[in-house]
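# Secondary and tertiary structure notes
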Amino acid sequence: MSASIAIPQGERIEFVRAFLVLEFREPFTFSEAMLPGLRGELRRAARRAGLAPETFAALFDPPVSSDPYAQRRYQRPGPAFVLQPPARLPRELAAGESLELPLLLLGRGAGQLASFCRVWLALGEVGIDQGRGRFTLNTVLAEDLAGNRFPIWSLVSAAPLPLVLTRADWWLDGLPTPKQVRLTLHTPARLLANGRPLFRPGWESLFPFLLRRAGSMVHAHCEVELFDDPAPLLDAARRVEVLGGRLRWRDWRVLEDEEGGEPRELGGVVGKLDLGGEGLAELLWLLRLASLLNLGKGAAYGAGYLSLEEVP
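Each chain has its residues counted from 1, running along the sequence as written. Where totals are concerned, whole chains, interfaces and linings use all residues; where local detail is concerned, this predicted model gives features only for residues with pLDDT of at least 70, and gives and counts side-chain atom pairs only at 80 or more. Excluded from the side-chain calculations are hydrogens and water; all other atoms, namely the structure's heavy atoms, are used.

### Some details on the packing of helix 6 (residues 203-222) against helix 7 (residues 231-238)
Helix-helix packing: each pair is described by the crossing angle between the helix axes and the interaxial distance. Between N-to-C directions, angles cover 0 to 180 degrees, with each direction set by a line fitted to C-alpha atoms, over the stretch in contact for helices. For helices the rule is a DSSP run of H or I covering at least 4 residues; for strands it is a run of E covering at least 2, with both sets numbered from the N terminus onward. Orientation of helix 6 relative to helix 7, taken along the N-to-C sense of each, is 150°, at an axis distance of 10 Å. With respect to helix 7, the axis of helix 6 lies roughly antiparallel. Relative to helix 7, the crossing made by helix 6 is right-handed. On helix 7, the residues that touch Trp 203, Glu 204, Phe 207 and Leu 211 of helix 6 are Leu 233, Leu 234, Ala 237 and Arg 238. Broken down by class, the residue content of the contact of helix 6 with helix 7 amounts to 6 nonpolar, no polar and 2 charged. We call two directions roughly parallel when the angle between them is under 35 degrees, roughly antiparallel when it is over 145, roughly perpendicular when it lies between 65 and 115, and oblique otherwise. Two helices that cross are described as forming a left-handed crossing if the nearer one is turned anticlockwise from the farther one by less than a right angle, and a right-handed crossing if clockwise. Contacts are assigned to residue pairs with any non-hydrogen atoms lying within 4.5 Å of each other. When residues are grouped by polarity, Ala, Val, Leu, Ile, Met, Phe, Trp, Tyr, Cys and Pro land in nonpolar, Asp, Glu, Lys and Arg in charged, and all others, Gly among them, in polar.

Written as structure tokens, this is what we have:
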């Protein structure tokens, strides 16, 4: 083990690690390829559910900060929810079988849970993937730091259930601080530089995307500045050694245009990087935080799902 640096203002960064429990009404194959379409499916379901315009905007299109400095510093924030793909995909589901879909609600996103569930109830009526895969959202379970799960929303409960909030500093304190880690991008991350996708990014070109994603999400949804100056973090990244692995491009699926235009090919980078070196300890808190948030375009809907684990 090596000493790690604590997450800045971690006591003010809160999140809910949850699972949407979907009971399918018909046979359905839940696959990774359907994840890019969730953005359009959920937005259409929100309109069918009759969400008020301000509720819709807060859920799917959070505003850019009114602070001119923050506007220059941060990218447009993504939604306060982050969906992650279930394990062992594709999954063949029979009618009546349930699937747990991992979900993270960051900061103020915890207060959007009821609206988010309304959207999923509407989506279940028409199907999760282009009219296929009708389901019922029965409950939402949240997991605490000890791994215990508690219902925080239920279809059969009229009364609101207590949330299970996790503080980032407590969460980070319970994680190991290894000298070497493996960063894995499981689902394609579409990373754009000057309007063009990166096809084979290395560590040095990947790190600024991690930095911007974590910084903009925490600022938008927790009102926390993760760093005053990114220069020390960028310097630490230059002192991280890539010990093995690589990232490569992978095509994902053809995505139909929401407005009826031409379909688009969709893809991104996947793969693994084994990281070590003296700079890693200074960045471990940031990599841990980024592992909660996904990466790249469509990150809220399961794209760019990444994990961090100790290299044996």
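### Regarding the packing of helix 7 against helix 8 (residues 280-290)
Axis separation between helix 7 and helix 8 bottoms out at 9 Å; the angle between their running directions is 115°. One finds that helix 7 runs roughly perpendicular with respect to helix 8. In this structure, the crossing between helix 7 and helix 8 has a hand that is left-handed. Here helix 7 contributes Leu 233, Ala 236 and Ala 237 to the contact with helix 8, which in turn contributes Glu 282, Leu 283 and Trp 285. Looking at the contact of helix 7 with helix 8, its residues break down into 5 nonpolar, no polar and 1 charged.

### Some details on the environment of Glu 11
Structurally, the position occupied by Glu 11 is in the segment before strand 1 (14-24). It is 6.4 Å that separates the C-alpha atoms of Glu 11 and Ala 168, two residues lying 157 residues apart in sequence. Filtering out sequence-adjacent residues up to four positions away, Glu 11 remains in contact with Arg 167 and Asp 169.

### A short note on the nonpolar core
To form a nonpolar core, buried Ala, Val, Leu, Ile, Met, Phe, Trp, Tyr and Cys residues must be joined to one another through side-chain atoms within 4.5 Å. The rule is simple: take the accessible area with a 1.4 Å probe, protein chains only, and divide by the maximum for that residue type; under 20% is buried, over 50% is exposed, in between is partly exposed. Counting residues in hydrophobic clusters, the biggest one holds 48 residues, and the most contacted among them are Trp 203 and Leu 210. Elements that contribute at least two residues to this core include exactly strand 5 (98-106), helix 5 (168-173), strand 9 (181-189), helix 6, helix 7, strand 13 (264-276), helix 8 and strand 14 (306-310). Take this core: its biggest share by element is 10 residues, from helix 6. Residue contacts for Leu 210: discarding those within four places in its chain leaves Leu 183, Trp 203, Leu 287, Ala 290, Leu 295 and Leu 306.

### Quick word on the layout of surface pockets
Where empty space is left can be seen by rolling a probe of water-molecule size over the atoms. Cavities and pockets are defined on a 1 Å grid built over the protein atoms alone: a cavity is a set of grid points where a 1.4 Å probe fits but cannot escape, while a pocket is an open set with protein on both sides within 12 Å along at least five of seven lines, and lining residues are those with an atom within 4 Å of any such point. Grid points are joined across faces, edges and corners, and a volume is the space filled by probe spheres set on the points. Counted as a void, the second largest pocket has a volume near 650 Å³. Looking at the lining of the second largest pocket, the elements that each hand over two or more residues are strand 1, strand 5, helix 5 and strand 14. Considering every element that reaches the lining of the second largest pocket, the biggest residue donor is strand 5, with 4 residues. Here the residues of the lining of the second largest pocket sort into 17 nonpolar, 5 polar and 7 charged.

### Structural notes on the packing of aromatic side chains
Stacked, tilted and edge-to-face are the three classes assigned to paired rings of Phe, Tyr and Trp, where Trp is represented by its six-membered ring and a pair needs centres within 6.5 Å; plane angles under 30 degrees give stacked, over 60 edge-to-face, the rest tilted. Inspection of the entire model under this criterion finds 12 aromatic pairs. Relative to Phe 30, the ring of Phe 28 has its centre 6.4 Å away and its plane inclined at 90°; by these criteria the two rings are edge-to-face. For Phe 30, a relative accessible area of 0% puts it in the buried group. These aromatic residues form a ring-pair network of at least three members: Phe 24, Phe 28, Phe 30, Phe 56, Phe 60, Phe 81, Phe 116, Trp 120, Phe 135 and Tyr 301. Note on geometry: a ring has a charge over it if NZ (lysine) or CZ (arginine) is within 6 Å of the ring centre and within 35 degrees of the ring normal. The cationic tip of Arg 149 hangs over the ring face of Phe 19; the distance from NZ or CZ to the ring centre is 3.8 Å. Cation over ring: Arg 212 sits above Phe 209, and NZ or CZ is 4.8 Å from the ring centre.

### As for the state of the cysteines
The rule for a disulfide is simple: a pair of cysteine sulfur atoms within 2.5 Å. According to the stated counting rule, one finds 0 disulfides in the structure shown. Here Cys 117 is not cross-linked by a disulfide; its sulfur's nearest cysteine counterpart is in Cys 222, at 19 Å. With relative accessibility at 1%, the residue Cys 117 sits in the buried group. Take Cys 222: its relative accessible area is 10%, and that puts it in the buried class.

### So, helix 4 (residues 113-126)
Working rule for helices: expected span equals 1.5 Å times residues minus one. Compared with the 20 Å implied by 1.5 Å per residue over 14 residues, the 21 Å span of helix 4 between its first and last C-alpha is a close match. Within the span of helix 4, buried status applies to Leu 113, Ser 115, Phe 116, Cys 117, Val 119, Trp 120, Ala 122, Leu 123 and Gly 124. Of the residues one or two after helix 4, Gly 127 is the one with positive phi, at around 110°.

### Notes on the environment of Cys 222
Locating Cys 222 in the fold gives a position in helix 6. Taking the C-alpha atoms as reference, Cys 222 lies 5.8 Å from Ile 13; in sequence the two are 209 residues apart. Every residue in contact with Cys 222, bar those within four places of it in the chain, is listed here: Arg 12, Ile 13, Glu 14, Leu 106, Gly 107 and Met 217.

### What to know about the pattern of salt bridges
When a carboxyl oxygen of Asp or Glu lies within 4 Å of a side-chain nitrogen of Lys or Arg, that pair is called a salt bridge. In total, this model carries 14 salt bridges according to the counting rule given. Across the pair Glu 100 and Arg 149 runs a salt bridge whose closest N-O atoms are separated by 2.6 Å. Of this pair, Glu 100 sits in strand 5 while Arg 149 sits in strand 7 (residues 149-154), and the two are 49 residues apart along the sequence. Glu 100 sits in the partly exposed class, given a relative accessible area of 34%. Of the charged contacts, one joins Asp 169 and Arg 167 as a salt bridge, the two residues approaching to 2.6 Å between their closest N and O atoms. Exposure remark for Arg 167: the relative accessible area of 22% places this residue in the partly exposed category. Within the structure, one salt-bridge network assembled from shared partners comprises Asp 235, Arg 239, Glu 278 and Glu 282.

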